[in-house]
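Descriptive structure summary
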Amino acid sequence: MSRARAFGLPLAFALAFAPAAAHAGRADVGGYFRVAARPDLQGGAGRLGYWNLYGRLLNEGPYAAVELKYDVLERRALSADPYTSLHLRIEGGSVGNATPDNGSLAAFRMSQLYARAGNVGIPHTTFQVGTLDQYIGELGLYDLRPAQVFFETVGASARYERERVDLLLGVGDSGFWLKRERYNAVWTGGGLLRVRPIDQLELGGGGMIRYEAEVRGNQFAPHDTPRVRMDDLLRGEVVERFAGENPLREWVFPDPVPTDARSWKGVGYVGFGGFGPVRWNNFFASVERRHPQDFVTETFQGQQYRIYTASLTDERTVLLLGDEIQVRLWPDRLDLVWAGLYGRHTDADNALAPSDHARTYRSTVVRLQAYVTDTVHWLGEGSAAEEVSTNGNAYRQYQDSIFRNTNGVPDVRGFENGDTDTRVTFQGKTGVVLNPLGPGVYVRPSLRFLYGVQWSNQNNAFGNSFVETIDQFNAFGNVEQRLHHVLSLETEAWF
Amino acid sequence: MRRPPVVLGLFAALACAPKAPPALAPARPALLVAALEPLADAPPRGLPPRAEARLVEALRGVGLDVAPVPAADFGPALHTRRTPEQRTAWLQSQAGDGAPLLVVVAAEAHFYSQIEGRLRWTVSVELLLAAPSASDRPVVHHFEVPVFLQFLHEKEDAAVDAAAPVIARQVASFAGAWSGGL
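This one's a predicted model, so the numbers in the text were calculated from it and none came from an experiment.

1. Points about the overall build of chain B
Along its length, chain B carries five helices and six strands. Each helix (α) and strand (β) of chain B, taken in turn from the N terminus, gives the series α-β-β-α-β-α-α-β-β-β-α.

2. A few points about the overall build of chain A
Counting its regular elements, chain A contains four helices and 24 strands. Overall, chain A is about 105 × 55 × 45 Å in size when its C-alpha atoms are taken along their principal axes. When the 495 residues of chain A are sorted by exposure, 36% land in the buried category. In chain A, of all internal contacts separated by at least 6 residues, the share reaching a separation of at least 24 is 63%.

3. Observations regarding the pairing of strand β2 (residues 63–73) of chain A
All names here are of chain A. Relative to β2, strand β1 (residues 26–37) runs antiparallel, the two being bridged by nine bridges. If you follow G31 over to β2, its bridge partner there is V66. Note: β2 against strand β3 (residues 83–92), nine bridges, orientation antiparallel. Bridging across to β3, D71 finds its partner in S85.

4. Observations concerning the nonpolar core
Counting residues in each nonpolar core, the largest one holds 85 residues, and the members touching the most others are V103, V105, A107, V123, V160, I167 and V171 of chain B. If we skip the residues at most four places from it in the chain, V103 of chain B touches A30, L31, L32, V66, L129 and A175 of chain B. With 11 residues, the next largest nonpolar core counts V239, A261, F295 and I307 of chain A among its residues.

5. Focus: the interface of chain A and chain B
Bring the parts together and some accessible area is lost; that lost area is often taken as the interface size. Listed as interface residues are 44 residues of chain A and, on the opposing side, 38 residues of chain B. The element that contributes the greatest number of residues to the side of chain A that touches chain B is helix α1 (residues 3–17) of chain A, accounting for eight residues. Here the side of chain A that touches chain B is built from residues that sort into 24 nonpolar, seven polar and 13 charged.

6. With respect to the packing of helix α2 (residues 49–61) of chain B against helix α5 (residues 156–180) of chain B
Any two packed helices are characterised by how steeply their axes cross, that is the angle between the axes, and by the distance between the axes. All names here are of chain B. In the contact formed by α2 and α5, the axes pass within 8 Å of each other and the chain directions differ by 20 degrees. Comparing their axes, α5 and α2 come out roughly parallel. Note that α2 runs across α5; the crossing there is right-handed. Residue-level inspection shows R50, A51, R54, L55, A58, L59 and G61 of α2 in contact with α5, the latter providing V160, D161, A164, P165, I167, A168, R169, V171, A172 and A175. Looking at the contact of α2 with α5 residue by residue, the class counts come to 12 nonpolar, one polar and four charged.

7. Examining the environment of R56 of chain A
Counting through the fold element by element, R56 of chain A comes out in the loop between β1 and β2. Along the sequence, R56 of chain A and L141 of chain A sit 85 residues apart, while their C-alpha atoms lie 5.9 Å from each other.

8. Describing α2 of chain B
All names here are of chain B. End to end, α2 covers 18 Å across 13 residues, agreeing with the expected 18 Å (1.5 Å per residue, within 8%). Those residues of α2 that sit buried are A51, E52, R54, L55, A58 and L59. One side of α2 carries all its buried residues, which in axial view fall inside an arc of 160 degrees. For α2, exposure combined with an orientation more than 90 degrees from the buried face picks out P49, R50, E57 and G61. Residues of α2 that are buried in the fold lie against β1 (30–36), β2 (45–46), β3 (66–68), β4 (102–115) and α5.

9. Here's the deal with unusual backbone geometry
Geometrically, the link from R444 of chain A to P445 of chain A is a cis peptide bond, its omega value of 10 degrees lying close to zero. Inspection of the secondary structure assignment puts P445 of chain A in the loop between β22 (422–434) and β23 (446–456). Within the chain, N119 of chain A stands out as a residue other than glycine whose phi angle is a positive 55 degrees. Inspection of the secondary structure assignment puts N119 of chain A in the loop between β4 (108–118) and β5 (125–131). Backbone geometry places E116 of chain B, a non-glycine residue, at a positive phi of 50 degrees. As for its placement among the helices and strands, E116 of chain B is situated in the loop between β4 and β5 (118–130). Judged by C-beta crowding, with 21 C-beta atoms within 10 Å, E116 of chain B ranks as buried.

10. What to know about the environment of H485 of chain A
All names here are of chain A. Within the element layout of this structure, H485 appears in strand β24 (residues 483–494). Once the C-alpha coordinates of H485 and L450 are considered, the two residues, 35 residues apart in sequence, prove to be 11 Å apart. What H485 contacts, discounting residues up to four positions off in sequence, is D40, Q42 and V453.

Thresholds applied
- Residues numbered from 1 in each chain as written.
- Chains lettered and ligands numbered in written order.
- Predicted model: local features only at pLDDT ≥ 70, side-chain atom pairs only at ≥ 80, totals over all residues.
- Helix = DSSP H or I, 4+ residues; strand = E, 2+ residues; numbered from the N terminus.
- Buried ≥ 20, exposed ≤ 12 C-beta atoms within 10 Å, placed from the backbone.
- Contact = placed C-beta atoms within 7 Å.
- Pairing = 2+ DSSP bridges.
- Core = buried A, V, L, I, M, F, W, Y, C linked by C-beta atoms within 7 Å.
- Nonpolar A, V, L, I, M, F, W, Y, C, P; charged D, E, K, R; others polar.
- Axes fitted to C-alpha atoms, helices over the stretch in contact; angles between N-to-C directions.
- Parallel < 35°, antiparallel > 145°, perpendicular 65-115°, else oblique.
- Left-handed = near helix turned anticlockwise from the far one by under 90°.
- Expected span 1.5 Å × (residues − 1).
- Arc of directions from axis to C-beta.

Below, the structure is given as structure tokens:
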């Protein structure tokens, strides 16, 4: 065979199959999805338990995200030339045949849109304008990112990045996420710093502050309605009380008083690993003062009233501590990931009623993955969790819990729900995982065939459509069950 | 007329006949340059050791024995020689008379974005295959591998490491097919 012919064929082969090299004007698509069929025989809604405090596995529903990246000027290797790209992300939790809304695009939103430019003016610095969401790692077993800033912010940021130091500074507006159609500007500023003094240790920290100015005349700016009692607010009886106390002046409900609102978040991070069997350990801490709510609406004698609540909702704080360690127990044979989470939500304005703002929870999740072959794995996961309501009963252990309330007395005018302030949950999950790309707890795509079981002291502690009333005319009757079993045929992939 | 069935039978017999084994690559090991090109004005460095080992193993799996060139030998040269023709010419000049096959795998890793808790990187690979003779043009094949890392401290080396199985598979498949035609 002549040499020309010998090379002609491979050359034609190469030209036929070779995509173009990276060039300006090139578009790329990345993303993520998970989808599952999780039938049970107990009336569940496709999840083993209520939320990912018990581990994300089997407790999260289908989800999809697609991100488009368009290189206006591609970043070139061996060069410090400027580069810039445009990013657009669409994501949501609706999938045909897998969620109640059957893939409706109404469940999707454009969550990210930004332009990024690097090596423009300042070396090693990348500017980003648009949405700014940033985080240092995550707790993979929980799908939580405590060290996250600017999730709700649109604005501009600059990231200075070297091999061992990474500094992000940003400023913008969080009003559209926090207040939606009641928009008012919420100035936001903050940053993240990450340093890696040695290969085996990494430290990080940062935070952000949000400020919503007092704006006289703007109905959506922060205001307070004077002399509102928390118990009336919780019961929706503020106007009724005012009318009762001012029988002849009911029509002069107090005018709201403008004020400003502040909130903040601080995050910390310690990472270490790369020695012995420890691949890496992430420890995160975050403290957040939630942004105050604006107003609630009450209807009294056919008329609507707004009760402005800035000072009644400005002391809600969330503390989160989380840790996750990845260990190679037997290299290429058995891996372990173990995570723990502690959360404390406090609301100094409300010591009366149970709510998501007044509770503590603690949880641990451990996952083992054994590699039967490179691509066929066995997965086992267990979790234990306790959630305690600070302000009294919040959970129902029994179908007739109204008769088992505090001191056995139905709390008709009170704020308690159910018959216990503590929910205890245990879960176990096991099954076969097919990983075409090989070993690794977090290697994706994964095709999983799993069985999960949950025990909770709460009655029917999973999404369901049970009729819970104990009214004698409840034609469906009541069900009491602590165990929940689920089979799951699911897949998860990043691409 | 009996000729057509005879011709058809001959075709069928030829179609079912065992194929000749692919031609073996030349006995002398091919030179392998496995480079990671940084996103900075700096010389290329070697691929991470595990990625390079995987590549060597995959190439040997398709009958292509390779001898990796140390990064110190190719780094400065590849920094200034960016086109396939320049790189091929330089490698051919280094290999001297009776030059073996030349295989250059140049990878670069670009951060894409944070997606659902992971860090998406795109590893772009340029595979360059050159024949012993300086008169032949190199064959160039580009491909990309998206990978997802978990930690911010994982950078280009980790991205290439994560992409190594796909890189090795692609390179071996392409190089095997190419060298089989020699």
